[in-house]
Protein chains: 2
Amino acid sequence: MTQPMNQKPEKDEAFLQDCLYFTTNRLSRAITRMADEAFATTGLAPAYGYLIRLVIGSPGITQKELSEKLSITPSTLTRFVDKLETKHLVERKVHGKTVMVYPTEKGIELGPTLRQASKRLKQNYEEILGKELSDQLTEYLTSSSKQLEK
Amino acid sequence: MTQPMNQKPEKDEAFLQDCLYFTTNRLSRAITRMADEAFATTGLAPAYGYLIRLVIGSPGITQKELSEKLSITPSTLTRFVDKLETKHLVERKVHGKTVMVYPTEKGIELGPTLRQASKRLKQNYEEILGKELSDQLTEYLTSSSKQLEK
DNA sequence: TTATTTTGTTTGTACATACAAATTAGTTGA
DNA sequence: TCAACTAATTTGTATGTACAAACAAAATAA
């Protein structure tokens, strides 16, 4: 009897838990919910917070560089900068065909608040997952992303 | 001198690589791109493929159960089933206040194609990441999701 | 110098997804 | 029996994100 007893095609749902696509997106939804909460006080979605921090850290950084560091497409980055510009948190300076992004005074002032939110977020998930797993997972994620993005 | 030399606030971008929110979403974008390719032949986005497979595996499964197994909200699930219903791949049967979902003949026939696409996807990412890392990562992701979803 | 190609950005459009509110249908307690 | 509650689903609306096409500026080739 080579055939296992279970005739029915995938009566259970192991194929979900085995799929990196599914499991990654599942975690993405969970951690995004958590991040939204942690950043609620900043008035900004988490992704925007990280963008501003990059701009504060490197005033005049180009949009191309930003989209690379954030691993999002240039078109998405355009929309992000649009929104932050209408909130007067960053401003663009066009230089030929490239666009350089600078923080405004208001943007710079937001820096500490953003770092705090990040810290809270990290505390929250480390409390649930443990520092061990959190760190290991984060490291694996970065390494995998780098490989897959090629 | 308690203060480290580096005065400038986050000149580098380590804070990105250290953040589980960022790294998870980064991988999510990369693997979703890959999954879209692998499922291109099916005419369906990957998420819909998994939904149909659950329905084939448990005909009459309720929407509530589906949304739990897929870890998506009920409202999202409603839209998914809407779309699959207009494509005549599944059909709803209302039973009181719950909705049961059944595969159509056409939906059942799609099963093998979907499993193939899944297999291709897995082969593709295992080729890049290695089976080792893939498995370990997938396991960590599932375990973390379970904990964070509580 | 002019024509071609490349590069960075933006715009149009589409989709997955969520939350909050509305709806509908059982359930329970007075 | 009916009012209040709870649970499953749907609808309205908003947002992050991508891809493809358009556009604009720079670089290169002729």
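Note that the structure is predicted; figures quoted are calculated from it, not measured. (Residues numbered from 1 in each chain as written. Chains lettered and ligands numbered in written order. Predicted model: local features only at pLDDT ≥ 70, side-chain atom pairs only at ≥ 80, totals over all residues. Heavy atoms only, no water.)

### Quick notes on the interface of chain B and chain A
Thought 1: At the interface, 55 residues of chain B touch 55 residues of chain A.
Thought 2: Carbon and sulfur atoms supply 64% of the area buried between chain B and chain A, which totals about 5800 Å² over both sides.
Thought 3: Among the residues of chain B in contact with chain A, Leu 20, Tyr 21 and Leu 148 of chain B are the three that bury the most area, contributing 13% of the side total.
Thought 4: Where Glu 13 of chain A meets Lys 69 of chain B, a salt bridge forms, and the shortest distance between an N and an O atom there is 3.7 Å.
Thought 5: The set of elements that each furnish at least two residues to the side of chain B that touches chain A consists of helix H1 (14-17), helix H2 (20-38), helix H3 (46-57), helix H4 (63-70), helix H6 (105-129) and helix H7 (131-149) of chain B.
Thought 6: The element that contributes the greatest number of residues to the side of chain B that touches chain A is H2 of chain B, accounting for 15 residues.
Thought 7: Each residue belonging to the side of chain B that touches chain A can be placed in one class, and the counts come to 27 nonpolar, 16 polar and 12 charged. (Contact = heavy atoms within 4.5 Å. Buried area = accessible area lost by both parts, 1.4 Å probe. Salt bridge = Lys/Arg side-chain N within 4 Å of Asp/Glu carboxyl O. Helix = DSSP H or I, 4+ residues; strand = E, 2+ residues; numbered from the N terminus. Nonpolar A, V, L, I, M, F, W, Y, C, P; charged D, E, K, R; others polar.)

### Considerations on the packing of helix H4 (residues 63-70) of chain A against helix H5 (residues 74-86) of chain A
Residue and element names in this part refer to chain A.
Thought 1: Closest axis-to-axis distance for the H4/H5 pair is 9 Å, and the angle between their directions is 110 degrees. When the axes of H4 and H5 are compared, the pair comes out roughly perpendicular. For the pair H4 and H5, contact is made by Gln 63, Leu 66, Ser 67 and Leu 70 and by Pro 74, Leu 77, Thr 78 and Val 81, respectively.
Thought 2: Taken together, the residues that form the contact of H4 with H5 break down as five nonpolar, three polar and no charged. (Axes fitted to C-alpha atoms, helices over the stretch in contact; angles between N-to-C directions. Parallel < 35°, antiparallel > 145°, perpendicular 65-115°, else oblique.)

### Structural notes on the relation of the copies chain B and chain A
Thought 1: With an RMSD of 0.0 Å, the fit of chain B onto chain A corresponds to turning through 180 degrees and sliding 0.0 Å along the axis. Expressed as an axis order, the relation between the two copies is that of a two-fold axis.
Thought 2: When you check the interface residues of chain B against chain A, 100% turn up at the interface there too, and the contact is symmetric in its surfaces. (Least-squares fit on C-alpha atoms with pLDDT ≥ 70 in both.)

### A word on the environment of Thr 32 of chain B
Thought 1: Summarising the element assignment, Thr 32 of chain B is placed in helix H2.
Thought 2: Expressed as a C-alpha distance, the spacing of Thr 32 of chain B and Ala 45 of chain B, which sit 13 residues apart in the sequence, is 9.6 Å.
Thought 3: Those residues within four positions of Thr 32 of chain B in sequence are excluded, and the remaining contacts are Tyr 21 and Asn 25 of chain A.
Thought 4: A polar side-chain atom of Thr 32 of chain B sits 3.4 Å from a polar atom in the side chain of Asn 25 of chain A. (Polar contact = N/O pair within 3.5 Å; in protein donor to acceptor, adjacent residues only side chain to side chain.)

### Section: the protein's contact with DNA strand D
Thought 1: Near DNA strand D lie 24 residues; those nearest to it are Tyr 48 and Phe 80 of chain A together with Gln 63, Lys 64 and Arg 79 of chain B.
Thought 2: Restricting attention to atoms of DNA strand D within 4 Å of the protein, one finds that 67% of them are sugar or phosphate atoms.
Thought 3: Thr 76 of chain A places a polar side-chain atom, nitrogen or oxygen, 2.8 Å from a phosphate oxygen of DNA strand D.
Thought 4: Lys 64 of chain B places a main-chain nitrogen or oxygen 2.7 Å from a phosphate oxygen of DNA strand D.
Thought 5: Those elements that provide at least two residues to the surface near DNA strand D are helix H3 (46-57) and H5 of chain A together with H2, H4, helix H5 (74-86) and strand E3 (98-103) of chain B.
Thought 6: Per element, the largest residue contribution to the surface near DNA strand D is five residues, and it comes from H5 of chain A.
Thought 7: A breakdown of the residues in the surface near DNA strand D according to their chemical character gives seven nonpolar, eight polar and nine charged. (Near = heavy atom within 4 Å.)

### Here we look at the protein's contact with DNA strand C
Thought 1: Taken together, 23 residues form the shell around DNA strand C, and within it Gln 63, Lys 64 and Arg 79 of chain A together with Phe 80 and Gly 96 of chain B come nearest.
Thought 2: In DNA strand C, atoms within 4 Å of the protein come from the sugar-phosphate backbone in 66% of cases.
Thought 3: For DNA strand C, a phosphate oxygen lies 2.6 Å from a polar atom in the side chain of Gln 63 of chain A.
Thought 4: Arg 79 of chain B has a polar side-chain atom sitting 3.5 Å from a base nitrogen of DNA strand C.
Thought 5: At the level of elements, helix H2 (20-38), H4, H5 and strand E3 (98-103) of chain A together with H5 of chain B are the ones that each hand at least two residues to the surface near DNA strand C.
Thought 6: Here the surface near DNA strand C takes five residues from H5 of chain B, the largest share from any one element.
Thought 7: Looking at the surface near DNA strand C residue by residue, the classes come out as six nonpolar, eight polar and nine charged.

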